[in-house]
Amino acid sequence: MILYISVIHLGWVMGKDRLKKILNTLSSPKIFICTIFWMMVLVVLGTLAQKDLGLYEAQQRYFSCWIAWLGFIPTPGGRTALFVMTFNLMFFMLKPAFWSFKKIGIIITHTGVLLLLLGGGITAWFSTEGNMVIKEGEISNVIIDLFAKELVIIDDGNSEYDQITTISDNILKPGSKIESDLVPFDIEVIDYHINCEPIRRLDVAGPEYKGLAQNFILKRIPNEKETEVNRTGITFKVTGAEDVANGIYSMFLAQQIPQKISSNGKEYTLALRRERTHLPFSLKLDDFKKVMHPGTDVAKSYSSDVVLIDKDLSRPVLIRMNEPLRYMNYTFYQSSFNEGVDVDTSIFAVVKNYGRLFPYISSLTISLGILVHMFLRFPIIFNRRRGK
Amino acid sequence: MIKILFILLFCVSCDNNDIKTYRVAKAPVSTKSVQPPTITDNELKWDLPKSWSASSGSSMRLASYNVPHSSGVGDLSIMILAGDGGGIEANINRWRGQINLGSQTLSEINNQSEDRKNSLANYQIFTVVNEDNLDKAFICAIIPLADSTIFVKLNISAKGITEIEDDFIYFCDSFRLGDG
């Protein structure tokens, strides 16, 4: 709708002929063909790169990016190609000649394709995924992201709650300064490594180095293919805290001993961890069940008896393989498990995807469009043949 | 066209949640579920000589102990580091530097070591004394594991080493996993 209003406005400002010329260029099927071809190239390159880079890294470098670097040459990434393709299609649908009852099947089919592309965009921008890990008998409302990390500053001075400030890894880049009213001191990122190894210092560190950084430096090492196993590390400088706490700190993912920093008479705990999302509802795992294929160690199926707790309401739910729980735009799939001595742990893959219905709707629309087109075209073809 | 670009820029810039703050109710006191399992708690075990007592060490240490002897108290630290933790040569030479001794080659260092074995691995014990200042000395054990290395280091005087050497070896030999 916005596009239509803008085009009408432009037509009024620029003149009909000029607008028509621009629309013809932007809606050219050649653009569509080129983007399709380029996507095919990206698919080949991404698939080949996956062998060395791993699935996630290849996906990020070739598809979930605006620019895909082929060596030192910048080329359109998957997002750019799909963005161009979507707008090309939209401009194509703006052409007056497109809107004719005879072409109703083609209109429906193109609308379906447009919906598919828009759904992909919504999924790319707004979907989140992670894991929820619950032991039998425990309750959780936390989703742990598989890829994104966060630097957290926790004020646990209150007896009832923890005040948590999180800094996303989007802004944890070397040289970036974090000065915010939400953060009790200023942070300047010195180094941020996707994968690193703590190495013992051979020299004596200066007094400006605090905590782990006194004895260790974080050495960047090549990223693992399985992104989840990377040990992310950060080195940063703190200013504006108490004099004794100002200095350079290092920490890495899953560090067992958290770093404490004092500022304004309060003690804060800092940690680098996987990004967490707190849901407005919780799941309690009552029982985890595993059924094995007879006489083997291969799991036939596994399921979790959970209780969905939303405020004062609760209801029992069974989550099984291929039978997820869907609630408030979140989908919980039975993903994995850990067997313990006394209690088992169930692992759910949690996906929040506003665009999850788009593939279904667009597929139906495309199918309908093709059927309508065939229905309208068959009599013409039939009559033409009979005329011969 | 400019309007379209503005709308798109607005849509893209809406996602600005890089710094967030929120409150989380404290979890029920159940340290078993909250605390991640540590090597100290669940895996590594050792037997402590009777006269030794636990002390507060730095945050990087797995454990620290006071080791009394006739002329003072030695400071023992246990650390576990990923991989080889920097290697034998680098670590021993760094510790030699701390007691004002020059660096040695790996073969020189190994020549002065004692090979031992505990239930975890074959390991080495190194005794280093500053002959010009007998108060400065250390005895250490480096125990290589599959993906990490345990460093046991005791800062003590030369006289102290002669007194507690047997205890130190007994201590290092007792390292094991679990209750085995």
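Since the structure is predicted, the reported quantities are computational estimates derived from the model, not experimental observations. (Residues numbered from 1 in each chain as written. Chains lettered and ligands numbered in written order. Predicted model: local features only at pLDDT ≥ 70, side-chain atom pairs only at ≥ 80, totals over all residues.)

(A) Here's a closer look at the overall build of chain B. Across its full length, chain B holds six helices and ten strands. Counting across all 180 residues of chain B, residues that qualify as buried make up 22%. Pairs at least 24 residues apart make up 51% of the contacts formed inside chain B by residues separated by at least 6 positions. (Helix = DSSP H or I, 4+ residues; strand = E, 2+ residues; numbered from the N terminus. Buried ≥ 20, exposed ≤ 12 C-beta atoms within 10 Å, placed from the backbone. Contact = placed C-beta atoms within 7 Å.)

(B) Up close: the overall build of chain A. When helices and strands are tallied, chain A shows eight helices and 18 strands. Evaluated residue by residue, chain A yields a buried proportion of 20% over its 388 residues. The contacts of chain A with a sequence gap of at least 6 include a subset with a gap of at least 24, amounting to 54%.

(C) The arrangement of the nonpolar core in detail. Grouped together as the largest cluster of nonpolar side chains are 32 residues, with contacts concentrated most on I139, C140, A141 and L154 of chain B. Contributing elements (two or more residues each) for this core: strand 4 (63-69), strand 5 (72-82), helix 4 (88-98), strand 7 (122-129), strand 8 (137-144), strand 9 (148-156) and helix 6 (158-173) of chain B. Of all the elements, strand 8 of chain B adds the most residues to this core, at seven residues. Beyond its immediate chain neighbours, meaning those up to four positions away, A141 of chain B contacts Y123, Q124, I125, V152 and C172 of chain B. Ranked by size, the runner-up nonpolar core spans 25 residues in total, among them I167, I187, Y249 and F252 of chain A. (Core = buried A, V, L, I, M, F, W, Y, C linked by C-beta atoms within 7 Å.)

(D) Main features of the pairing of strand 2 (residues 73-76) of chain A. All names here are of chain A. In terms of strand pairing, strand 1 (residues 67-70) meets strand 2 through four bridges, oriented antiparallel. For W69, the partnering residue across the bridge sits in strand 2 and is P74. What sits between the antiparallel neighbours strand 1 and strand 2 is a turn of two residues, in which G71 has the positive phi angle 70°. (Pairing = 2+ DSSP bridges.)

(E) Layout of the sheet that holds strand 7 (residues 186-193) of chain A. All names here are of chain A. Strand order in the open sheet formed by four strands is 6-7-10-11, with antiparallel pairing between adjacent strands. Each end of this open sheet is capped by a strand with a single partner; those strands are strand 6 (177-178) and strand 11 (247-252). Direction of pairing for strand 7 relative to strand 10 (residues 233-239): antiparallel, over a ladder of seven bridges. Each residue of the ladder has a partner; that of D191, found in strand 10, is T235.

(F) Representation of the sheet that holds strand 4 of chain B. All names here are of chain B. Spatially, 3-4-5-9-8-7-6 is the arrangement adopted by the seven strands of the open sheet, whose pairing is antiparallel. The open sheet terminates on both sides in strands that have one partner only, identified here as strand 3 (53-54) and strand 6 (113-117). Across six bridges, strand 7 lies against strand 8 in antiparallel orientation. Residue pairing in the sheet places I125 in a bridge with A141 of strand 8. Sheet contacts for helix 6: strand 4, strand 5, strand 6, strand 7, strand 8 and strand 9; angle to strand 8, the most-contacted strand, approximately 15°. (Axes fitted to C-alpha atoms, helices over the stretch in contact; angles between N-to-C directions.)

(G) Structural context of helix 4 (residues 55-62) of chain A. Residue and element names in this part refer to chain A. Within the span of helix 4, buried status applies to A58, R61 and Y62. For helix 4, the buried positions fall inside an angular range of 80° around the axis, keeping them on one side. Residues of helix 4 that are buried in the fold lie against helix 3 (29-53), strand 1 and helix 5 (78-94). (Arc of directions from axis to C-beta.)

(H) The arrangement of the confidence of the model for chain B in detail. All names here are of chain B. Per-residue confidence for chain B gives a mean pLDDT of 77, with 78% of residues at or over 70. Put simply, helix 2 (residues 31-34) is where chain B has its lowest mean pLDDT, 36, and strand 8 is where it has its highest, 91. Within the model, the stretch residues 9-15 combines pLDDT values under 50 with zero contacts to residues more than four positions away or in other chains. Predicted confidence is poor over residues 29-41, with pLDDT under 50, and the contacts of this stretch with residues over four places away or in other chains come to eleven contacts. Two summary scores accompany this predicted model of the complex, namely pTM at 0.60 and ipTM at 0.70. (pLDDT = per-residue confidence, 0-100.)

(I) Just the packing of helix 3 of chain A against helix 5 of chain A, in detail. All names here are of chain A. Direction vectors running N to C along helix 3 and helix 5 enclose 155°, while the axes themselves pass 9 Å from each other. With respect to each other, helix 3 and helix 5 are oriented roughly antiparallel. Crossing hand, helix 3 versus helix 5: left-handed. Two secondary-structure elements touch here, helix 3 through I31, F32, T35, W38, M39 and L42 and helix 5 through G78, A81, V84, M85, N88 and L89. Split into classes, the residues belonging to the contact of helix 3 with helix 5 amount to nine nonpolar, three polar and no charged. (Parallel < 35°, antiparallel > 145°, perpendicular 65-115°, else oblique. Left-handed = near helix turned anticlockwise from the far one by under 90°. Nonpolar A, V, L, I, M, F, W, Y, C, P; charged D, E, K, R; others polar.)

(J) Expanded view of the environment of K237 of chain A. The residue K237 of chain A is located in strand 10 in this model. Those residues in contact with K237 of chain A that sit more than four places away from it in its chain are E188, I190 and I248 of chain A.

(K) Structural context of the packing of helix 3 of chain A against helix 4 of chain A. All names here are of chain A. At a closest axis distance of 8 Å, the pairing of helix 3 and helix 4 adopts a crossing angle of 145°. Where helix 3 crosses over helix 4, the two elements pack in a sense that is right-handed. Each of L42, L45, G46, A49, Q50 and L53 in helix 3 lies in contact with helix 4, whose residues at this interface are L55, E57, A58, R61 and Y62. Taken together, the residues of the contact of helix 3 with helix 4 break down into seven nonpolar, two polar and two charged.

(L) Here's a closer look at unusual backbone geometry. Residues and elements named next belong to chain A. Despite not being glycine, N264 shows a phi value in the positive range, around 50°. For N264, the position within the fold is in the loop between strand 12 (259-263) and strand 13 (266-292). You can call N264 exposed: it has 10 C-beta atoms within 10 Å.

(M) The environment of I78 of chain B, seen in detail. All names here are of chain B. Its location among the elements puts I78 in strand 5. On the basis of neighbour counts, which here come to 23 C-beta atoms within 10 Å, the residue I78 falls in the buried class. In sequence terms I78 and S64 are 14 residues apart; their C-alpha atoms lie 6.3 Å from each other. Excluding its chain neighbours within four sequence positions, the residues that come into contact with I78 are R61, L62, A63, I150 and V152.

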